[in-house]
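If you want the building blocks of each chain, they are given just below.
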Amino acid sequence: MFKCRGVSVALAAVVSLSMLATPVLANPGNGHGNSGNHGNNGNKGNNGSPGKSQSGSEDDSNSSGHRKNYGKPDHVDSDISYSMARQLAVNYGLTGYQSLPPGIAKNLVRGKPLPPGIAKKTVPASMLGQLPYYPGYEWKVIGDNLVLIALSTAIVTTIINGVFD
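Residues numbered from 1 in each chain as written. Predicted model: local features only at pLDDT ≥ 70, side-chain atom pairs only at ≥ 80, totals over all residues. Heavy atoms only, no water.

- Where an unreviewed UniProt entry is consulted, the chain appears under the name Inner membrane protein, with the organism given as Enterobacter lignolyticus.

Structure (structure tokens):
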């Protein structure tokens, strides 16, 4: 009788621990696909729909402030695409930035904190006014990438690769 109960308890413990470990093993979807394509693989789905992104961000009548898309960064991919961000960078003359060295670039991952000591620059105000606004988050230039970072935790929320190259 004790042996059967011990097996049941052990089985319940194994099942509950495996359920807790599942989110840890999940891929954060950082957009770093095959390295041969300049790191823009995470943004390919957005390149074909800039009209949808622009029409959604041009509606300032419902926003709470002067910035576009005053909301949560749940749908950044639909709020701004690589092509839209690249067009803004070119229009404001913000090109020619060097990409990150490979060792540092692999540490810049969505869903994880910024690596310590990584060089980051503030997005110029002229371009910042055209980007979607999310309270508690900040756009930064890291290497030649446009990155959205949570202010309180320094966790990388979104990476748009190669915008400033």
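Quick notes on the pairing of strand S4 (residues 156-160)
- Within S4, five of the five residues are buried, which leaves it mostly tucked inside the rest of the structure.
- Taken together, the four bridges between strand S3 (residues 145-150) and S4 define a ladder with antiparallel strand orientation. By the bridge assignment for S4, leucine 146 is matched with isoleucine 160.
- Hairpin connection between S3 and S4: a loop of five residues separates the two successive antiparallel strands, and alanine 154 in this loop has a positive phi of roughly 60°. (Buried < 20%, exposed > 50% of the residue type's maximum accessible area, 1.4 Å probe, protein only. Helix = DSSP H or I, 4+ residues; strand = E, 2+ residues; numbered from the N terminus. Pairing = 2+ DSSP bridges.)

Observations regarding the side chain of lysine 140
- Position of lysine 140 among the secondary structure elements: in strand S2 (residues 137-142).
- Residue lysine 140 is classed as buried on the basis of its relative accessible area, which comes to 11%.
- In terms of polar contacts, lysine 140 uses its side chain to reach the side chain of threonine 122, at 3.5 Å.
- Sequence-distant contacts of lysine 140, defined by excluding residues within four places in its chain, comprise Lys120, Lys121, Thr122, Val123, Asn145, Leu146, Val147 and Ile149. (Polar contact = N/O pair within 3.5 Å; in protein donor to acceptor, adjacent residues only side chain to side chain. Contact = heavy atoms within 4.5 Å.)

A word on the nonpolar core
- Among the nonpolar cores identified, the biggest contains 19 residues, and Ile80, Met127, Leu131, Trp139, Leu146, Val163 and Phe164 are the most heavily contacted of them.
- Elements with a contribution of two residues or more to this core: helix H5 (82-91), S2 and S3.
- With five residues, H5 is the largest single contributor of residues to this core.
- Apart from the residues within four sequence positions on either side, valine 163 is in contact with Tyr82, Ala85, Arg86, Ala89, Asp144 and Leu146. (Core = buried A, V, L, I, M, F, W, Y, C linked by side-chain atoms within 4.5 Å.)

What to know about the environment of serine 152
- Here serine 152 shows up in the loop between S3 and S4.
- Taking the relative accessible area as the measure of exposure, serine 152 reaches 73% and is therefore exposed.
- Sequence separation between serine 152 and glycine 136 is 16 residues, and the spatial gap between their C-alpha atoms is 7.2 Å.

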